[in-house]
Amino acid sequence: MDVCLTILSLCLGLVFAAPRLDPDLDSHWQLWKSWHSKDYHEREESWRRVVWEKNLKMIELHNLDHSLGKHSYKLGMNQFGDMTTEEFRQLMNGYIHKKSERKYRGSQFLEPSFLEAPRSVDWREKGYVTPVKDQGQCGSCWAFSTTGALEGQHFRKTGKLVSLSEQNLVDCSRPEGNQGCNGGLMDQAFQYVQDNGGIDSEESYPYTAKTVATRQSTNAANDTGFVDIPQGHERALMKAVAAVGPVSVAIDAGHSSFQFYQSGIYYEPDCSSEDLDHGVLVVGYGFEGEDVDGKKYWIVKNSWGEKWGDKGYIYMAKDRKNHCGIATAASYPLV
């Protein structure tokens, strides 16, 4: 009898352990799959749906708190809705932050004493910034941050905005220490461009979101080295952005709040200024309303397509103790 009860309890446990899905969300789920071109095997779909529902509820709770004034930013369902935070972090965040293994160091940034940095800067308005790109399911954020900074400096020098090849960096900068879709560093990519005598254009060396066989590249832009911003100094980063143009930065983007960011000034209490995992591009800074603490922001270009965030951008809290490490590993190329 005891054996029968044990078997019965095990069977009931398996039944109740099966995914419990909300039927009211069926049409929403189908719409989301269609919008983002999602297609699953039958066994995978049920647990992807469970993850999606959990993320959707988290987003709704956050936005309810936002409406009550508890957050300065909103979240929204996007193409990453069927991914857990851990899965998302491993797949999308490819900045490798290991101080002990850093191979190259740039020139030290010296603040221009003559410069009175303006209260706001947006290099998109001056023609320095290419449209938002999409790295796909490849940890190549570092390559997109690199090309973004170099595109800006090339424009500053020549007056021509040329979209540069991330694939060139993904395929060819391993000798400098980068690891293709498995991650890398912007400084190592700047070093590759100098070592190689240039980088190809996006048009002649298009992005594939995977490592492919290396090939001879042409020279669409070049650098002669790079400059490192003093670690952790947001004032120095602001002066660099104001004086030079877009700057490559690394941040802690390993939170569900970043995964589903939609609008507003991003401030995540759990963000680290040391554990950095994602390369992005600061293209300016500004403020909302009166220029007071908590209202200032960095304008940050991401590489997850225009469906993510605020048309591909995120506005991150500025002058709040180096929030998310935005000034911990900032640099730009010399051209």
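Just so you know, these numbers come straight off a predicted model, no measurement behind them. (Residues numbered from 1 in each chain as written. Predicted model: local features only at pLDDT ≥ 70, side-chain atom pairs only at ≥ 80, totals over all residues. Heavy atoms only, no water.)

*Asks:* Please give an account of the overall build of the protein that cites residues and values.
*Replies:* A tally of regular secondary structure across the protein gives nine helices and ten strands. The C-alpha atoms of the protein give 22 Å as radius of gyration, which agrees with the globular expectation for 335 residues (20 Å, within 12%). Summarising its shape, the C-alpha atoms of the protein cover approximately 85 × 50 × 40 Å along the three principal directions. Looking at the protein as a whole, 52% of its 335 residues qualify as buried. Considering only contacts in the protein between residues 6 or more positions apart, those separated by 24 or more positions represent 75%. Put simply, the protein shows about 16,300 Å² of open surface, and 52% of that area lies on carbon and sulfur atoms. (Helix = DSSP H or I, 4+ residues; strand = E, 2+ residues; numbered from the N terminus. Rg over C-alpha atoms; globule rule 2.2 N^0.38 Å. Buried < 20%, exposed > 50% of the residue type's maximum accessible area, 1.4 Å probe, protein only. Contact = heavy atoms within 4.5 Å. Areas by Shrake-Rupley, 256 points an atom, 1.4 Å probe, with all protein chains shown as cover.)

*Asks:* Provide a residue-level description of helix H8 (residues 234–243), including the pertinent values.
*Replies:* Among the ten residues of H8, eight are classified as buried, and the element is accordingly described as predominantly covered. Of the positions making up H8, those classed as buried are Glu234, Ala236, Leu237, Met238, Lys239, Ala240, Val241 and Ala242. Looking at the buried positions of H8, the neighbouring elements they touch are strand E3 (121–122), strand E5 (247–251), strand E7 (278–287), strand E8 (296–301), strand E9 (313–317) and strand E10 (331–333). Phi turns positive one or two residues past the end of H8, at glycine 245, with a value near 135°.

*Asks:* Summarise the layout of surface pockets; cite the residues concerned and give the values.
*Replies:* Counted as a void, the second largest pocket has a volume near 180 Å³. Looking at the lining of the second largest pocket residue by residue, the class counts come to four nonpolar, five polar and four charged. (1 Å grid on protein atoms, 1.4 Å probe; cavity = no way out; pocket = protein on both sides within 12 Å on 5 of 7 lines; lining within 4 Å. Points joined across faces, edges and corners; volume = space filled by probe spheres on them. Nonpolar A, V, L, I, M, F, W, Y, C, P; charged D, E, K, R; others polar.)

*Asks:* Account for the environment of serine 37, with residues named and values stated.
*Replies:* Mapping serine 37 onto the fold places it in the loop between helix H2 (26–35) and helix H3 (42–67). Distance in space between the C-alpha atoms of serine 37 and proline 112 is 49 Å, their sequence separation being 75 residues.

*Asks:* Give a detailed account of unusual backbone geometry, specifying residues and quantitative values.
*Replies:* Backbone geometry places alanine 209, a non-glycine residue, at a positive phi of 65°. Within the fold, alanine 209 resides in the loop between helix H7 (186–196) and strand E4 (226–228).

*Asks:* Now, about the packing of helix H5 (residues 141–158) against H7: what can you tell me, with residues and values included?
*Replies:* At a minimum axis separation of 9 Å, H5 and H7 run at an interaxial angle of 60°. Between H5 and H7, the angle falls in the class oblique. Where H5 crosses over H7, the handedness of that crossing is right-handed. Packed against H5, whose contacting residues are Trp142, Ser145, Thr146, Ala149 and Leu150, the element H7 presents Met186, Ala189, Phe190 and Val193 at the interface. (Axes fitted to C-alpha atoms, helices over the stretch in contact; angles between N-to-C directions. Parallel < 35°, antiparallel > 145°, perpendicular 65-115°, else oblique. Left-handed = near helix turned anticlockwise from the far one by under 90°.)

*Asks:* So what about the packing of aromatic side chains? Which residues, and what values?
*Replies:* Per the counting criterion, the structure on display carries 21 aromatic pairs. Seen in terms of ring centroids, tryptophan 32 and tryptophan 52 are 6.2 Å apart; in terms of plane orientation they differ by 45°. Their pairing is tilted. Residue tryptophan 32 is found in helix H2, and its partner tryptophan 52 is found in helix H3; the two are separated by 20 residues along the sequence. Like tryptophan 32, the residue tryptophan 52 is buried in the burial classification. Plain terms: the ring middles of phenylalanine 80 and tryptophan 304 are 5.5 Å apart, the flat faces sit at 80° to each other, and that makes the pair edge-to-face. Of the two residues, phenylalanine 80 sits in the loop between strand E1 (73–75) and helix H4 (85–92) while tryptophan 304 sits in the loop between E8 and E9, which places them 224 residues apart along the sequence. What makes tryptophan 304 buried here is its relative accessible area of 1%. An aromatic cluster of three or more residues is present, and its members are Tyr73, Phe80, Phe88, Phe258, Tyr261, Tyr266, Trp304 and Trp308. Here the basic side chain of lysine 307 rests over the ring of tryptophan 35, its NZ or CZ set 4.7 Å away from the ring centre. (Phe/Tyr/Trp six-rings, centres within 6.5 Å; stacked < 30°, edge-to-face > 60°. Lys NZ or Arg CZ within 6 Å of the ring centre and 35° of its normal.)

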